[in-house]
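This is what each chain is made of:
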Amino acid sequence: MTEASAGPRGQLTTRTIAMPADANPSGDIFGGWVLSQMDLAAGICAGKRARGRVATIAIDAMKFIKPVFVGDVMSVYAVLARSGRTSMTLHIEAWAERERFGESVQVTEAQFTFVAIDEAGKTRPLPALES
Ligand SMILES: CC(C)(COP(=O)(O)OP(=O)(O)OC[C@H]1O[C@@H](n2cnc3c(N)ncnc32)[C@H](O)[C@@H]1OP(=O)(O)O)[C@@H](O)C(=O)NCCC(=O)NCCS
């Protein structure tokens, strides 16, 4: 069992509110919506590191820890965990603030791997890290 961490790990990258259109008839938010918000945040972080176009190649260790409800404010945190030759892995966490102003709870975490690609969609080496 994954224990929720004491606080968010990484940089706050996106923040959005879970709307009724993103929920199932029971009022719980679809996992696919949460995943897409995490993919967006990971893409922002990966695009910065790669200084250009990137594509998601893998999502690993995806864990839905707690549900997200309509009205929750979802914050997604991203941190670069690994840089390879053309790929990079980001640790992504989503936290939900209940009923907009309530307690914040970790709802998911996963490792997203992105590849830097060129205009033709072919892999390209990551640029050197800025000091
Ligand atoms: C991204 C893409 C161009 C990469 O091409 P590829 O020929 O598969 O790439 P390679 O095998 O050369 O691997 C590229 C890098 O990804 C890494 N990689 C490949 N598969 C991986 C996996 N399952 N998990 C983690 N990393 C992986 C490789 O280790 C390599 O990293 P490195 O250069 O840092 O060592 C191609 O896979 C692609 O277009 N995929 C679709 C992307 C997409 O549409 N994403 C959105 C999905 S909805």
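Cut-offs used in this document
- Residues numbered from 1 in each chain as written.
- Predicted model: local features only at pLDDT ≥ 70, side-chain atom pairs only at ≥ 80, totals over all residues.
- Heavy atoms only, no water.
- Helix = DSSP H or I, 4+ residues; strand = E, 2+ residues; numbered from the N terminus.
- Buried < 20%, exposed > 50% of the residue type's maximum accessible area, 1.4 Å probe, protein only.
- Pairing = 2+ DSSP bridges.
- Axes fitted to C-alpha atoms, helices over the stretch in contact; angles between N-to-C directions.
- Contact = heavy atoms within 4.5 Å.

S.K.: Please give an account of unusual backbone geometry that cites residues and values.
M.R.: For arginine 51, which is not a glycine, the phi torsion comes out positive at approximately 50°. The residue arginine 51 is located in the loop between helix H1 (31-50) and strand E2 (54-64) in this model. For arginine 51, a relative accessible area of 47% corresponds to the partly exposed category. In this model, alanine 61 sits at a positive phi of 55°, which is unusual for a non-glycine residue. Relative to the helices and strands, alanine 61 is located in strand E2.

S.K.: Explain the sheet that holds strand E1 (residues 11-17) to me, using residue names and the numbers behind them.
M.R.: Sheet strands line up and pair through hydrogen bonds in the backbone, either parallel or antiparallel. Taken together, five strands build an open sheet; the order of strands is E1-E3-E4-E5-E2 and the sheet is antiparallel. The outermost strands of the open sheet, each flanked by one partner alone, are E1 and E2. Taking each pair of neighbouring strands and ignoring which way they run, the sheet shows an average axis angle of 25°. The pairing of strand E3 (residues 73-83) with strand E4 (residues 87-97) spans 10 bridges and is antiparallel. Bridging from a neighbouring strand, methionine 74 pairs with alanine 96 of E4. Contacts between H1 and the sheet are confined to E1, E2, E3, E4 and strand E5 (104-116), with E5 contributing the most and set at about 50° to the helix.

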